[in-house]
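A look at the structure
For reference, the chains in residue letters:
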Amino acid sequence: MSNPRSINPSNGNRSPGPAFPERTRFMYTIEPNQDYRDQSLRQHGELSASQLQADAARHYDDCYRDYLFAWCNRDNLALHYGYWNSHARYDQHQALLNKNRVLYEAGGLNANHRVLDAGCGIGGSSIWMAKNHGNRVTGITISAKQAEYARQHAKRHGVADLVDFQVADFCATPFADASFDAVWALESSCHALNKGDFLREAWRVLKPGGRLIVCDGFLLQREFDEAQWQAVVTCLNGWAVPNLCSRDEITELAGREGFQNVVCHDITAQTQPSVEHMYKVAKRLQPVQKVSQWLGLRSKAQTANYLVGLAQHRLFHDKLTEYCIITAQKA
């Protein structure tokens with residue numbers, strides 16, 4: 001982990017007077033491929049790859065009912081931000097469904113494409129593609145509980161014959177080369193310690209001409225002051241994410257792996273209503289969170305996840321992050 005770097009601002013021209021210690025402004029830097037989450041949540045220092053996966057799985061397992069109660073529902077099953085470009089009053093359910101539509105269109109998908117939903121959560125996008133377009137989708141997650149929840153939801157939605165949910169690492173999948181027409185990663189690639197590992201595996205399992213669709217938040221800067229850093233780390237802690245990268249970094253990595261036609265679609269403005277909604281929900285639930293936490297009814301993962309609702313607002317409000325869809329094609 002990068003250590004805080006001390007920066008002493010210039011005093012400028014001052015008249016002689018009593019000597020006072022200069023105020024030190026600590027700056028924090030995020031570098032690629034490192035885990036920047038709070039050490040106290042990791043218990044014993046740096047985590048191995050398998051421990052990182054177990055930590056992320058524990059987060060989603062602990063917070064499953066929280067998501068269904070406060071964010072998504074049994075129809076959209078969405079563990080991601082929504083998309084809203086209407087002047088009408090914000091509709092959370094519709095915004096979450098809109099995100100699937102926008103990604104599907106951006107990736108140029110159709111019913112004939114076999115899709116790998118890399119980081120499928122509880123099956124929301126996989127089920128949406130199967131139900132609305134008839135796609136055959138394989139969803140993978142590192143949580144056995146999520147995979148089982150997704151199977152149950154697929155059966156309830158009547159698409160169990162079109163979707164298959166498995167426990168697998170999207171950086172090292174069990175699938176043969178050139179197995180899929182598209183790899184879909186909706187707010188999941190951020191969980192990779194090394195984003196290049198994910199892109200390399202996506203390239204391997206894609207057929208020639210196959211499409212890559214990544215949607216996530218990306219850094220707009222790498223250095224942060226104390227207050228900014230606390231917001232960043234709170235989000236990393238709460239979502240079990242080791243680090244974030246910039247759009248330039250991921251597009252450069254994609255090109256390095258051989259992807260062509262790499263395009264970034266900036267949808268920060270259309271994501272902002274969802275950011276605001278999350279913040280309002282967190283503020284509204286603050287009394288419940290405090291009492292539940294005091295009574296010992298909230299796990300560390302649940303409390304950390306709740307705190308993200310407040311901290312993520314600063315990341316967008318202070319323009320520390322942007323939100324984009326990255327599309328690319330295997331030559």
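Scroll up to find the structure.
The present account deals with the structure reproduced in this document.

Definitions and limits used
Residues numbered from 1 in each chain as written. Predicted model: local features only at pLDDT ≥ 70, side-chain atom pairs only at ≥ 80, totals over all residues. Heavy atoms only, no water. Helix = DSSP H or I, 4+ residues; strand = E, 2+ residues; numbered from the N terminus. Buried < 20%, exposed > 50% of the residue type's maximum accessible area, 1.4 Å probe, protein only. Contact = heavy atoms within 4.5 Å. Core = buried A, V, L, I, M, F, W, Y, C linked by side-chain atoms within 4.5 Å. Salt bridge = Lys/Arg side-chain N within 4 Å of Asp/Glu carboxyl O. Right-handed = clockwise from strand over helix to strand, strands pointing away. Pairing = 2+ DSSP bridges. 1 Å grid on protein atoms, 1.4 Å probe; cavity = no way out; pocket = protein on both sides within 12 Å on 5 of 7 lines; lining within 4 Å. Points joined across faces, edges and corners; volume = space filled by probe spheres on them. Nonpolar A, V, L, I, M, F, W, Y, C, P; charged D, E, K, R; others polar.

The next thing to look at is the overall build of the protein chain. Within the protein chain one finds 11 helices and 10 strands. Burial status across the protein chain gives 50% buried among its 331 residues. Counted over contacts in the protein chain with a minimum sequence separation of 6, partners at least 24 positions apart contribute 76%.

Turning our attention to the nonpolar core. Soluble globular proteins tend to bury their nonpolar side chains together. In terms of nonpolar packing, the biggest core is built from 44 residues, with Leu109, Met129, Phe165 and Trp184 touching the most fellow members. In this view, tryptophan 184 contacts Asn100, Leu103, Tyr104, Leu109, Val115, Leu116, Asp117, Ala118, Ser125, Met129 and Ile213; residues no more than four positions away in its chain are not counted.

Looking now at the pattern of salt bridges. For the structure on display, the rule yields 16 salt bridges. Glutamate 201 serves as the salt-bridge partner of arginine 204, at 2.7 Å between the closest nitrogen and oxygen. Of this pair, arginine 204 and glutamate 201 both sit in helix α6 (residues 195-205), three residues apart, which is roughly one turn of that helix. In this structure arginine 204 comes out as partly exposed when scored by relative accessible area, which is 25%. On the basis of relative accessibility, which here comes to 9%, the residue glutamate 201 falls in the buried class. The residue glutamate 249 makes a salt bridge to arginine 222 at a minimum N-O spacing of 2.5 Å. Of this pair, glutamate 249 sits in helix α8 (residues 247-257) while arginine 222 sits in the loop between β7 (206-219) and β8 (223-224), and the two are 27 residues apart along the sequence. What makes glutamate 249 buried here is its relative accessible area of 14%. Taking relative accessible area as the criterion, arginine 222 reaches 26% and is therefore assigned partly exposed. Connected via shared salt-bridge partners are Asp35, Arg37, Asp55 and Arg58.

We now examine the pairing of strand β4 (residues 136-141). In terms of burial, β4 is a largely internal element, five of the six residues being buried. In this region the chain leaves strand β3 (residues 114-118), passes through helix α4 (residues 124-133) and returns to the parallel neighbour β4; the handedness of that crossover is right-handed. As defined by bridge partners, β4 adjoins strand β5 (residues 163-167) across five bridges and the pair is classed as parallel. Bridge pairing links threonine 138 to aspartate 164 in β5. Crossover handedness for the path β4 to helix α5 (residues 144-156) to β5: right-handed.

As a further point, take the layout of surface pockets. Volume-wise, the largest pocket comes out at about 740 Å³. What lines the largest pocket is a set of 38 residues, among which Tyr67, Trp239, Met278, Asn305 and Val308 lie closest to the centre. Tallying contributions element by element places helix α11 (residues 300-317) first for the lining of the largest pocket, with eight residues. Class assignment for the residues of the lining of the largest pocket results in 24 nonpolar, 10 polar and four charged. Taken together, 40 residues form the lining of the second largest pocket, with Gly119, Ile142, Phe170, Ser188 and His191 sitting closest to its centre. Grouping the amino acids of the lining of the second largest pocket by side-chain chemistry returns 21 nonpolar, 13 polar and six charged.

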